[in-house]
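# Structural overview
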Amino acid sequence: MKNRTIAVIGATGSQGKGGVHSLMKEGTFRVRAITRNPDKYTGDAHEVVRGDLTDLSSLTEAFQNAYGVFVVTNFWEGADEVAQGKAAVQAAKDAGVNHFIWSTLPNVERISQGKYDVPHFTGKAKVDEWVKDAGFQHFTFVQPPFYFQNLSGMLGAQPQQDGSIGWTLPLDPIEKAIHMSDINDLGKVVAGAFLNPEKVGYGSYLSLSTELNSFNDILEAYKANGKKYSFNQVPAEVFSNFFPGAGEIAQMLAYFEEHTYMGPDSKAQIQLAREIATEKFTSLHDWIKLN
Ligand code: NAP
């Protein structure tokens with residue numbers, strides 16, 4: 001393995017940055033960051049190369065001489081994740097990549113038997129079949145959980161009508177439904193997977209989950225760190241009118257409540273991710289303390 005190159009798509013983003021960091025820290029591999037803007041790259045990878053998931057030839061070029069690639073697509077930037085996933089598979093095949101790691105999510109459509117429509121989960125899961133059928137010597141699926149970082153970002157606590165600060169969501173706060181982690185810890189799983197192709201490189205699913213929490217657990221973790229937040233449950237129909245895209249979030253939360261984030265058969269996948277990781281994961285309590 002020594003000095004073989006791992007190319008990381010999304011190296012400037014939440015998932016890929018953690019991947020680059022853990023691979024660099026572990027030290028076995030040569031790490032190639034891929035970005036659409038290499039001139040702006042400020043990370044610590046050994047090299048940086050231009051690559052765009054919407055431009056097949058740039059990807060094939062970016063994957064040249066790579067032993068492994070990690071690929072994540074960004075739904076929130078409007079990506080056609082199926083098209084981008086297929087392009088990444090094609091480019092990796094053309095470049096002779098040995099180990100392909102795909103950042104995917106549970107297939108909500110299949111798990112809920114069509115009841116819930118959550119395209120940013122199901123779209124990624126649809127690419128899994130292309131990865132499986134592509135004929136890579138090694139291939140692995142990683143499933144990132146709900147990022148702790150969402151709690152201080154796009155799903156952060158907001159001022160409420162009653163003067164408190166907290167969340168208004170269509171979710172029962174006592175349900176332990178949300179698998180969550182510090183997203184930087186995904187890199188520990190990705191690095192572990194590249195180091196252990198014989199163990200997890202034949203299509204294993206590695207689901208990162210440091211904790212399975214209810215919203216009340218989240219409030220408790222903040223309270224233990226001296227922050228008091230409120231939670232207000234609203235019906236999904238009401239929430240869906242709050243902002244554009246709220247309907248999909250409502251469907252996602254309803255899916256979490258019924259099946260949990262990672263789905264009903266995720267225990268072994270969560271355990272395998274823990275076993276393969278190069279380092280221990282950060283708890284929500286410690287993450288809040290540190291951030
Ligand atoms: P992020 O921090 O927003 O960064 C996006 C990354 O994607 C950047 O590094 C960007 O690279 C890269 N990228 C976007 N379009 C690209 C393209 N056409 N070609 C090459 N690179 C491209 O994103 P992230 O959080 O790491 O990943 C986003 C994905 O995570 C989403 O699809 C989301 O559904 C999924 N996810 C999120 C959560 C959550 O709780 N938030 C949980 C599970 C999964 P450059 O700009 O440098 O080119």
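Residues numbered from 1 in each chain as written. Predicted model: local features only at pLDDT ≥ 70, side-chain atom pairs only at ≥ 80, totals over all residues. Heavy atoms only, no water.

### A word on the overall build of the protein
- Counting its regular elements, the protein contains twelve helices and 13 strands.
- Whereas a compact globule of 291 residues would reach a radius of gyration of roughly 19 Å, the protein reaches 19 Å, a difference of no more than 12%.
- If one aligns the C-alpha atoms of the protein with their principal axes, the spans along those axes are about 60 × 40 × 40 Å.
- The 291 residues of the protein split such that 55% are buried.
- Counted over contacts in the protein with a minimum sequence separation of 6, partners at least 24 positions apart contribute 75%.
- Summed over its atoms, the accessible surface of the protein is roughly 13200 Å², and 48% of this surface lies on carbon and sulfur atoms.
- When the 26 positive and 33 negative side-chain charges of the protein are each reduced to one mean point, those points stand 5 Å apart. (Helix = DSSP H or I, 4+ residues; strand = E, 2+ residues; numbered from the N terminus. Rg over C-alpha atoms; globule rule 2.2 N^0.38 Å. Buried < 20%, exposed > 50% of the residue type's maximum accessible area, 1.4 Å probe, protein only. Contact = heavy atoms within 4.5 Å. Areas by Shrake-Rupley, 256 points an atom, 1.4 Å probe, with all protein chains shown as cover. Lys, Arg positive; Asp, Glu negative; His and termini not counted. Charge placed at Lys NZ, Arg CZ, Asp CG, Glu CD.)

### Section: the pattern of salt bridges
- Going through the model one piece at a time under the given rule, you end up with twelve salt bridges.
- When the shortest N-O distance is used, the salt bridge between Glu-81 and Lys-124 registers 2.9 Å. A residue pair is termed long-range when its members are at least 10 positions apart, and Glu-81 in helix α3 (residues 81–94) and Lys-124 in helix α5 (residues 119–133) qualify at 43 residues. Note on accessibility: Glu-81 and Lys-124 belong to one class, buried.
- Taken together, the salt bridges that share partners define one network made up of Arg-30, Arg-32 and Glu-47. (Salt bridge = Lys/Arg side-chain N within 4 Å of Asp/Glu carboxyl O.)

### Brief notes about the site of the ligand
- Taken together, 29 residues are adjacent to the ligand, and Thr-12, Thr-35, Thr-73, Tyr-147 and Asn-150 come closest.
- Ser-14 places a main-chain nitrogen or oxygen 2.8 Å from an oxygen atom of the ligand.
- At 2.7 Å, a backbone N or O of Thr-73 approaches an oxygen atom of the ligand.
- Here the ligand has 930 Å² of accessible area as a free molecule, and 87% of this is covered by the chains.
- Placement of the ligand is best described as lying within the largest pocket. (Near = heavy atom within 4 Å. Polar contact = N/O pair within 3.5 Å; in protein donor to acceptor, adjacent residues only side chain to side chain. 1 Å grid on protein atoms, 1.4 Å probe; cavity = no way out; pocket = protein on both sides within 12 Å on 5 of 7 lines; lining within 4 Å. Sits in = over half its atoms within 2 Å of the grid points.)

### Topic: the sheet that holds strand β9 (residues 165–169)
- Sheet architecture is open: three strands sit in the order β8-β9-β13, paired in mixed fashion. Of all strands in the sheet, those with a lone pairing partner are β8 (158–159) and β13 (230–233), marking the two edges.
- As judged from the four bridges shared by β9 and β13, these two strands associate in the parallel manner. Looking at β13, one finds that Gly-166 is bridged to Ser-230.
- Against the sheet, helix α8 (residues 215–224) makes contact with β9 and β13, and its axis sits at roughly 175° relative to β9, the strand it touches most. (Pairing = 2+ DSSP bridges. Axes fitted to C-alpha atoms, helices over the stretch in contact; angles between N-to-C directions.)

### Examining the side chain of His-179
- Within the secondary structure, His-179 sits in strand β10 (residues 178–181).
- We classify His-179 as buried; its relative accessible area is 4%.
- For His-179, the side chain forms a polar contact with the main-chain nitrogen of Met-262, separated by 3.1 Å.
- Apart from residues no more than four positions distant in its own chain, His-179 is found in contact with Pro-145, Phe-146, Ser-209, Glu-211, Leu-212, Thr-260, Tyr-261, Met-262, Ser-266 and Ile-270.

### Notes on the side chain of Ser-230
- You can see Ser-230 is positioned in strand β13.
- Looking at Ser-230, the relative accessible area reads 18%, which means it is buried.
- In this structure the side chain of Ser-230 is engaged in a polar contact, spanning 2.8 Å, whose partner is the side chain of Ser-164.

### Some thoughts on α3
- Between its terminal C-alpha atoms α3 stretches 20 Å, which fits the 20 Å expected from 14 residues at 1.5 Å a residue.
- When α3 is considered as a whole, its buried residues turn out to be Glu-81, Gln-84, Gly-85, Ala-87, Ala-88, Val-89, Ala-91 and Ala-92.
- Looking at the buried side of α3, the elements it contacts are α2 (56–62), β4 (66–71), β5 (99–103) and α5.
- Immediately downstream of α3, the backbone of Gly-96 shows phi near 75°, a positive value. (Expected span 1.5 Å × (residues − 1).)

### Considerations on a nonpolar patch on the surface
- A contiguous nonpolar patch, built from Val-238, Phe-242 and Phe-243 and spanning about 270 Å² of accessible area, is present on the exposed surface.
- Of note, Phe-243 is situated in the loop between α9 (236–239) and α10 (246–259).
- The class of Phe-243 is partly exposed, set by a relative accessible area of 39%. (Patch = residues over 30% accessible without salt bridge, like charges linked within 9 Å, V, L, I, M, F, W, Y side chains within 5 Å.)

### Some details on the packing of α5 against α10
- As a packed pair, α5 and α10 sit with axes 10 Å apart at the nearest point and diverge in direction by 75°. Taken as axis vectors, α5 and α10 run roughly perpendicular relative to one another. Judged by residue contacts, Pro-119, His-120 and Phe-121 of α5 engage Glu-248, Met-252, Tyr-255 and Phe-256 from α10.
- Classifying every residue of the contact of α5 with α10 gives five nonpolar, one polar and one charged. (Parallel < 35°, antiparallel > 145°, perpendicular 65-115°, else oblique. Nonpolar A, V, L, I, M, F, W, Y, C, P; charged D, E, K, R; others polar.)

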